[in-house]
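# Notes for the structure review
So the chains spell out like this:
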Amino acid sequence: MIVRVLLISLGALVAVNLVSMVVNQILLRNELEGIAPTGQLVQVNGKTMHIRAMGNGEHTIVIMPGLGTPLPSEQFAPFARELATEFTVVIIDYFGTGHSDQTDAPRTNANFTDEIRQALSAAGIEPPFILMPHSASGAYADYFAIRHPEEVAALVLLDTVHTHEHLESNMTEPFVQLMRFGQFIGGPRLMSRFMLRLEGITEVNGFRPEEINNIRRFMNHEVNATTMNRSRLFNETIREVVALDFPQHIPVLSIRPTRPNPGSAMTNPANNEAHMQRYGVGSEMIIFEGNHNIHIGNEAAIREALSAFLDAQQQ
């Protein structure tokens, strides 16, 4: 009887996954058609990249999304709208995400930096920039500032990975393939409503209905050859940056949550103080109530903190 129940349960599970896979593959074909870019399409290394600009402030903030952000230009939209009341704000859709093309170029620190600089230049957005990376993009922002310090006015770190020492992430090949398989059978499609609520992507937090719907649809396309390459090279990008000295004249504001990602050594709050020692004397760390997506729910508070931080740098 026990064996029969187990076999029936297993058969039902396989059947559900097969149905989910077939439906998912049919929906994937034309799912993104008709979703118009919200920003500007520019040419970078023969590919199309999408960037979204808001506001007309004196300082230009460049938002650099972390891993697991399938549609950055809309996932950061409520935050950017708040910042744009005081600053010029630009959101980058990296290659492989949002309305940008995929690319065969390895997802290295150097390539990310070059692509961002080309995209901003093509859009007529000139330095210096306030780089605002989230999560994994902390490595790319560090590298950008190290290689082009004259183009960087400040860094604002949104619960970014620590770059003072190399700590291996879980971005191993089995993990990457598991993500690929999950998307193939329609996992994100089944879990999207729950995942968006978990991340705070709701109308209560300033997201518009069309933004929520678009993000849900792009979630089903998040794992592709470009983003998989980024995951595979992630540990290498951290290792490279750790070996480089950060320019001490660039001010850094690090914003950390009270509830960081559980089990993530790369954003473990126990390492926050050691990480801040990497930066200059005028750098500062602020703890806000929230989780890893610290920019959701703290929009006005972060804008005010950044404004005060910049004012203090000018004194």
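The coordinates are above.
Residues numbered from 1 in each chain as written. Predicted model: local features only at pLDDT ≥ 70, side-chain atom pairs only at ≥ 80, totals over all residues. Heavy atoms only, no water.

Attention now goes to the overall build of the protein chain. Counting secondary structure elements, the protein chain contains twelve helices and eight strands. The buried share among the 315 residues of the protein chain stands at 51%. Pairs at least 24 apart in sequence give 81% of the contacts found in the protein chain among residues at least 6 apart. (Helix = DSSP H or I, 4+ residues; strand = E, 2+ residues; numbered from the N terminus. Buried < 20%, exposed > 50% of the residue type's maximum accessible area, 1.4 Å probe, protein only. Contact = heavy atoms within 4.5 Å.)

Examined against the element boundaries, Pro257 turns out to sit in strand β7 (residues 252-257). Those residues in contact with Pro257, other than ones at most four positions away along the chain, are Asp159, Ile287, Phe288, Gly290, Asn291, His292 and Ile294.

To continue, consider the pairing of strand β1 (residues 40-44). On a regular strand, each side chain points to the face opposite its neighbour's, so the side chains alternate between the two faces of the sheet. When β1 meets strand β2 (residues 47-54), the two strands line up antiparallel, connected through five bridges. Bridging from a neighbouring strand, Gln40 pairs with Ile51 of β2. Here β1 folds back onto β2, and the loop between the two strands holds two residues, one of which, Asn45, carries a positive phi near 55 degrees. (Pairing = 2+ DSSP bridges.)

This part is about unusual backbone geometry. Residue Pro127 is joined to Pro128 through a cis peptide bond whose omega torsion reads 10 degrees. When you line up the elements, Pro128 lands in the loop between α4 (109-122) and β5 (129-133). The residue Asn45 is not glycine, and still its phi comes out positive at about 55 degrees. For Asn45, the location among the structural elements is in the loop between β1 and β2. In this structure Asn45 comes out as partly exposed when scored by relative accessible area, which is 49%. Backbone geometry places Asp159, a non-glycine residue, at a positive phi of 45 degrees. When you line up the elements, Asp159 lands in the loop between β6 (152-158) and α6 (173-184). Asp159 sits in the buried class, given a relative accessible area of 0%.

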